[in-house]
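# Topology and contacts: notes
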Amino acid sequence: MYVCMCHAVTEDQVKRAIDEGANTPRQIAKGCKAGTDCGSCVRRIQALLGEHGARPCPTARLAARLGLADPEGPAAPGPAPTAPVPAPVVPLRAA
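So, on to helix α2 (residues 25-32). Along α2, the residues classified as buried are P25, I28, A29 and C32. Taken around the axis of α2, the buried residues stretch over an arc of 105°, which confines them to a single face. Of the exposed residues in α2, the ones pointing more than 90 degrees away from its buried face are R26, K30 and G31. Those residues of α2 that are buried are in contact with β2 (9-10), α1 (11-19) and α3 (42-51).

So this is what it looks like as structure tokens:
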């Protein structure tokens, strides 16, 4: 499957780069240019880094903790998001 359509980079190519020591999206981009054009593949590259033993970037971990992570990708450990607390109801005074 393609990860980066702009540069025709496949998941296998990204996994190979990880196996060769890349542990950030920038290091992967140096080898195959994935993530250097439109940037839409960077989240998937981050997910592959996390799935294959490399440490995902801090932004991906923060997004997962806030519940903003891609639902198909791996979730980083952290506290579950809490539901918002509703505002108190204040009765209206008759004029």
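At a minimum axis distance of 10 Å, the contact between α1 and α3 shows a crossing angle of 50°. Here α1 is positioned oblique relative to α3, judged by the angle of their axes. Here α1 and α3 pass one another in a crossing that is right-handed. The segment α1 lies against α3, with E11, V14, K15 and I18 engaging R44, L48 and L49. Of the residues belonging to the contact of α1 with α3, the class tally is four nonpolar, no polar and three charged.

Calculation criteria
Residues numbered from 1 in each chain as written. Predicted model: local features only at pLDDT ≥ 70, side-chain atom pairs only at ≥ 80, totals over all residues. Heavy atoms only, no water. Buried < 20%, exposed > 50% of the residue type's maximum accessible area, 1.4 Å probe, protein only. Helix = DSSP H or I, 4+ residues; strand = E, 2+ residues; numbered from the N terminus. Arc of directions from axis to C-beta. Contact = heavy atoms within 4.5 Å. Axes fitted to C-alpha atoms, helices over the stretch in contact; angles between N-to-C directions. Parallel < 35°, antiparallel > 145°, perpendicular 65-115°, else oblique. Left-handed = near helix turned anticlockwise from the far one by under 90°. Nonpolar A, V, L, I, M, F, W, Y, C, P; charged D, E, K, R; others polar.

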